[in-house]
Every structure is written in structure tokens, then in C-alpha cells.
Amino acid sequence: MPAAADEFHEPLEAAARLAGRWLDGVRDRPIAPTAGIDEVKDALGRDLADEGMDAAAVVEALSAAVEPGLIVMQSPRFFGWVIGGTAPAPLAADWLVTAWDQNAALREVTPGVNAAEELAGEWVCDLLGLPEGSVAGFTTGATVANLVALAAARHAVLERVGWDDTVDGIQGAPRIRVLAGDEHHPSVDVALRWLGLGRPIDVATDDEGAILPAALEAALAEGTGPAIVCLQAGNIHSGASDPFEACIGLAHAAGAWVHVDGAFGLWAAASERLRHLVAGVELADSWATDAHKTLNVPYDAGIVAVADPAPLVAAMTMHAAYLPAAATGIDAADRVLELSRRARGVPTYAALRTLGRSGVADLVDGLVDSALALADGLRRMDGVEVLNDVVFTQVCAGFEGRDVAGIARALDDDGVALAHPSRWRGGEVLRFSVSNRGTDAAATEATLDAVRRVLAR
Ligand SMILES: *Cc1c(COP(=O)(O)O)cnc(C)c1O
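This text gives an overview of the structure that appears in the document. (Residues numbered from 1 in each chain as written. Predicted model: local features only at pLDDT ≥ 70, side-chain atom pairs only at ≥ 80, totals over all residues. Heavy atoms only, no water.)

**Considering the overall build of the chain**
Thinking step 1. For the chain, the helix and strand inventory stands at 14 helices and eleven strands.
Thinking step 2. On C-alpha atoms alone, the chain measures out to a radius of gyration of 23 Å, which is about the 23 Å that the 2.2 N^0.38 rule sets for 457 residues.
Thinking step 3. Considered along the principal axes of its C-alpha atoms, the chain spans approximately 65 × 60 × 45 Å.
Thinking step 4. Here the chain holds 457 residues, and the buried ones make up 52% of them.
Thinking step 5. For the chain, the share of sequence-separated contacts (at least 6 apart) that also reach a separation of at least 24 residues comes to 72%.
Thinking step 6. Of the charged side chains in the chain, 34 are positive and 64 negative; the average position of the first set lies 4 Å away from that of the second. (Helix = DSSP H or I, 4+ residues; strand = E, 2+ residues; numbered from the N terminus. Rg over C-alpha atoms; globule rule 2.2 N^0.38 Å. Buried < 20%, exposed > 50% of the residue type's maximum accessible area, 1.4 Å probe, protein only. Contact = heavy atoms within 4.5 Å. Lys, Arg positive; Asp, Glu negative; His and termini not counted. Charge placed at Lys NZ, Arg CZ, Asp CG, Glu CD.)

**A word on the packing of helix α5 (residues 111–127) against helix α12 (residues 346–379)**
Thinking step 1. Between α5 and α12, the shortest axis-to-axis distance is 8 Å and the interhelical angle comes to 35°. Crossing of α5 against α12: the hand is left-handed. Contact residues: α5 offers Val-113, Ala-116, Glu-117, Leu-119, Ala-120, Trp-123, Val-124, Asp-126 and Leu-127, while α12 offers Val-346, Thr-348, Tyr-349, Leu-352, Arg-353, Arg-357 and Val-360.
Thinking step 2. Considered class by class, the residues forming the contact of α5 with α12 number eleven nonpolar, one polar and four charged. (Axes fitted to C-alpha atoms, helices over the stretch in contact; angles between N-to-C directions. Left-handed = near helix turned anticlockwise from the far one by under 90°. Nonpolar A, V, L, I, M, F, W, Y, C, P; charged D, E, K, R; others polar.)

**Quick look at the nonpolar core**
Thinking step 1. Counting 50 residues, the largest nonpolar core has Leu-231, Trp-267 and Leu-295 as its most contacted members.
Thinking step 2. If you list the elements that add at least two residues to this core, you get α5, β1 (135–139), α9 (213–221), β4 (227–232), α10 (244–253), β5 (257–261), β7 (302–306) and α12.
Thinking step 3. The greatest single-element share of this core, amounting to six residues, is contributed by α12.
Thinking step 4. Look past the residues within four positions of Leu-295 in its chain and what remains in contact with it is Trp-267, Thr-348, Ala-351, Leu-352, Leu-355, Val-360 and Leu-363.
Thinking step 5. Within the second largest apolar cluster, 32 residues are counted, among which are Ala-156, Ala-173, Val-304 and Val-306. (Core = buried A, V, L, I, M, F, W, Y, C linked by side-chain atoms within 4.5 Å.)

**A few points about the site of the ligand**
Thinking step 1. The ligand sits among 13 residues. The nearest are Thr-143, Asp-261, Asp-290, His-292 and Lys-293.
Thinking step 2. The side chain of Asp-290 places a nitrogen or oxygen atom 2.6 Å from an oxygen atom of the ligand.
Thinking step 3. At 2.9 Å from an oxygen atom of the ligand is found a side-chain nitrogen or oxygen belonging to Lys-293.
Thinking step 4. Alone, the ligand offers 380 Å² of accessible surface; in the complex the protein occludes 85% of this.
Thinking step 5. Split into classes, the residues belonging to the shell around the ligand amount to four nonpolar, six polar and three charged. (Near = heavy atom within 4 Å. Polar contact = N/O pair within 3.5 Å; in protein donor to acceptor, adjacent residues only side chain to side chain. Areas by Shrake-Rupley, 256 points an atom, 1.4 Å probe, with all protein chains shown as cover.)

**Some words on the sheet that holds strand β8 (residues 385–386)**
Think of a sheet as strands paired side by side through backbone hydrogen bonds, with each pair either parallel or antiparallel.
Thinking step 1. The four strands lie next to each other as β8-β9-β11-β10, forming an open sheet whose pairing is antiparallel. Each edge of the sheet is formed by a strand with only one pairing partner; in this case those strands are β8 and β10 (420–424).
Thinking step 2. Both β8 and strand β9 (residues 394–398) contribute to a ladder of two bridges, which runs antiparallel. Its bridge partner lying in β9, Val-386 is registered against Ala-397.
Thinking step 3. Across the face of the sheet, α12 comes into contact with β8, β9 and β11 (427–433) while running at roughly 10° to β9. (Pairing = 2+ DSSP bridges.)

**Focus on helix α3 (residues 55–66)**
Thinking step 1. A rise of 1.5 Å per residue sets the reference length of α3, with its twelve residues, at 16 Å; its end C-alpha atoms lie 16 Å apart and thus fit the reference within 8%.
Thinking step 2. Taken residue by residue, α3 has Ala-56, Ser-63 and Ala-65 as its buried positions.
Thinking step 3. On its buried side, α3 packs onto α1 (9–25) and α2 (37–44).
Thinking step 4. If you check the start of α3, you find a side-chain oxygen 3.2 Å away from the backbone N of Ala-56, and it comes from Asp-54. (Expected span 1.5 Å × (residues − 1).)

**Let's talk about the environment of Pro-324**
Thinking step 1. Residue position: Pro-324 is located in the loop between α11 (309–316) and α12.
Thinking step 2. In this structure, the C-alpha to C-alpha distance between Pro-324 and Ala-373, residues 49 residues apart in sequence, is 54 Å.
Thinking step 3. Not counting residues up to four positions away in its chain, the partners in contact with Pro-324 are Leu-106, His-319 and Asp-331.

**Re the packing of aromatic side chains**
Thinking step 1. Counted according to the given criterion, the structure contains three aromatic pairs.
Thinking step 2. Summarising the aromatic geometry, the rings of Phe-264 and Phe-392 are spaced 6.1 Å apart at their centres and angled 25° between planes, so their arrangement reads as stacked. Of the two residues, Phe-264 sits in the loop between β5 and β6 (286–290) while Phe-392 sits in the loop between β8 and β9, which places them 128 residues apart along the sequence. (Phe/Tyr/Trp six-rings, centres within 6.5 Å; stacked < 30°, edge-to-face > 60°.)

Quick look at the structure:
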């Protein structure tokens, strides 16, 4: 057991040194891993040894074994999925959260970290233009934020017809209609599956994947009773957002709860220049977003927000004789699913404190500028077409009959930049998501050079 008062120093110093070295190399390192999972397992040692090992030595050996299997997701030329980088302050704050080891379920028991978390939640609601009095909770990611928000939605719409799902469950409850655009994110499906609500009714979308209000109106008119409408800020292929003002008006007129999945797209609201893309989003009832994408906070930073906390608390609350509720305010355990939980909102506090209001706007604007530059360069190449209207951080390129998966593999082998193949509007596309604070003009130029090299082969 504890060997000495300073037993943490050596392993933590080793971790800081190794992390620093890794981060210093991020800009120039080839992006793809050089070792596969079996090689890494061999290097880690497949059998649990009988004898233990010194803590600092474990940290050194772990780093040596794992590093060849790391993909440089932090690279400013990594455009795969929608994956942000990590800024220094939230990364360091994340380490502190682990060192402090607070179980941050109850705000009066762990006031230090809950104060930072609650402020971070309030600041996010403010930056995103959500209504006064909105309440936020920190989840592992937007998938769970969608689940938590939709649990609140389910409770609210059933309560309106006199059914209490917290007592009677949903078996035998009035049927809830759930509607979503036909290009909604699959995390909405998994949330609905968990909640016993099944597959949503698909609502037709336009060429950019944004819901057609007339189609939503028609779909709403086809039924009656409790309803939930899931809208989206930021289509993962086009970056487009649903026309919130029109859609939310229609949904509310039909008595529906409106939830917005805005994992990355909601951050348009933090920029004066881009806010128009999500005009009216504040009229919704709940929102899900991520700090680990656009805001460049380390993973484990999802955010759920609701305009009215009552149904959220009804759906999430967990207390017992040994777990007294706070005398004032809303405990973290009443905002999200977890009971034992790290104070995962603290790194978001650190990110927002370093950036400030204008820094957040500049970050989002900068990502969009890089996406525009990338799209511009791609359009100038022979046989390359940009298929989406580039309004936010997403660029979908088509390659006139060429094998897109092959182009993606060749780009991967080239090592300078990474983008993923996908299918959109019935065709093969190479999708670039610009989500890293380090993606500057030099990074986009180097990426365009890499694409030119690959296409010239
Ligand atoms: C990434 C993403 C999600 C899921 O978020 P996680 O943080 O990965 O759980 C949901 N919706 C959209 C639109 C996304 O881009």
C-alpha cells in the first residue's frame, strides 16, 4: 500500500514527460498507426504476470507499447469523422479532475468541482443562446446527452396526457410518435431504442439533409397524441441545420417536445457570423452537444441542456437515505444518468476560461474558414466536385467515377492528411470534417497537396 507521501510524483512526472513528447510530435507525425492491435497486445504482454511492477515503470512501458498503435487524431490534418483536438488548459484540467478524485454526484458534498461544472454549463447555455434558466448536465458524449434529453422528453409528453412513466413505465402507455429528419445521426436511434420508443418516423429532407418544413407538417398531421420531434444542428455530411424556426413552430403547434441534436453544429450559435445557420434553435425544449468536438476539450465531454429542468430531474433523479438531495440547486445526479461520476465538466470550464467569449467565436469561425479554403482548393482540381453547400465545418468531395475508398487509403498511406470515405446522396464521397483548432492555412494547403499527389498517381 502507499509507500511514501510522494509516491505519485515519479509516475505523474513520467506521464507529463511522455505526454509532452507525444503532443510535441503531433503536428509532424504521420497520422496512421504503425502497429496493429495484435502487435500492441504483444508489446503490452498478453499474460498477467504474477509479480507486480513499479508504477513509473508501468507508465513508461505502457507508453512505449501503445504509442506505435496511436492514430494522430490530434493532427491539424486529421479530418476523419467529427473529431476535435485538445487544447492545453482543458487537457491539464482533465488531469486535475483525475488527481482530485471527486465523486461529483452531489453538489454540496463536492462543491469545488461542481461549482466549476455548473458555471461551465451556464456559460455553454449562454454562448449557444439558449433560454434564460436553461439547465445543463455533463455526459460522456452527445450520444448519452441525446438519451438523457429524450428521457426527459418522454416523461414530459406522457405527463401531458396523464401518464407517469416514472411509476408505470411505458408498457401500456399511450403511444409516442417520434419524428426525425431522414438524415438524423444514428445516436438518436440508439437513444430511442434504449427508451423503448423504437425507430423514428423519417421526415423528408432537402439536398443538404435539412428537414423540409412541409414534410414535417404533413407527418405531424398524420397522427395525434404525444409526440417528440428530433431536429439536428449540423448534418455530418453537409453541416446543414434544420430550419428551426419553422420546424419548432409546427412541432409545438402539434403539442410535440422538440429535441435538437447539435453535437457540433450547435456551436454556430457562438459566432455572430454563423448564428443565422441555427436561427430559432433556442425555441426547442432540449439540446445535446459536445465540448469534445468543436470546442477541442478532451473526450468525455458531452452536454445535455433543457429549457425546463423539471422533466429532466423527474427522469434522472436518484436519491436515497444515504444520498440526501441538495438543499438548493440541482445535483449532478439529477441531471444525468451516472451516480458515481468524475467531474467531467471541469475541462470545459478551463476551455471556456482560456478562450473567452470572443475566443470561442474565433475558434468556430476559424474552423469554417479552413473548411471553405479546403472546399475551394478541392473544387479547383480536375475531376473533383464539392457536393455540399459548405456553410459550416463539413466538406464532401466526389471524384467522378473514381474509387473513393482507394483514394482514402492512398491518402492514409501518404501520411500527411486523413479523411474518411462515406456514402451520401447515393454516391461515394470523401468527407472532411474540420474540427481541430490547429487546422490553419498551412495545414489546409498541405492537405490539398496530398490530395493532388494521390490523384496524380
Ligand atoms: C458525434 C455526433 C453524435 C454523437 O456524439 P458522441 O459524442 O460521439 O457520443 C451525435 N450527433 C451528431 C450530429 C454527431 O456529430
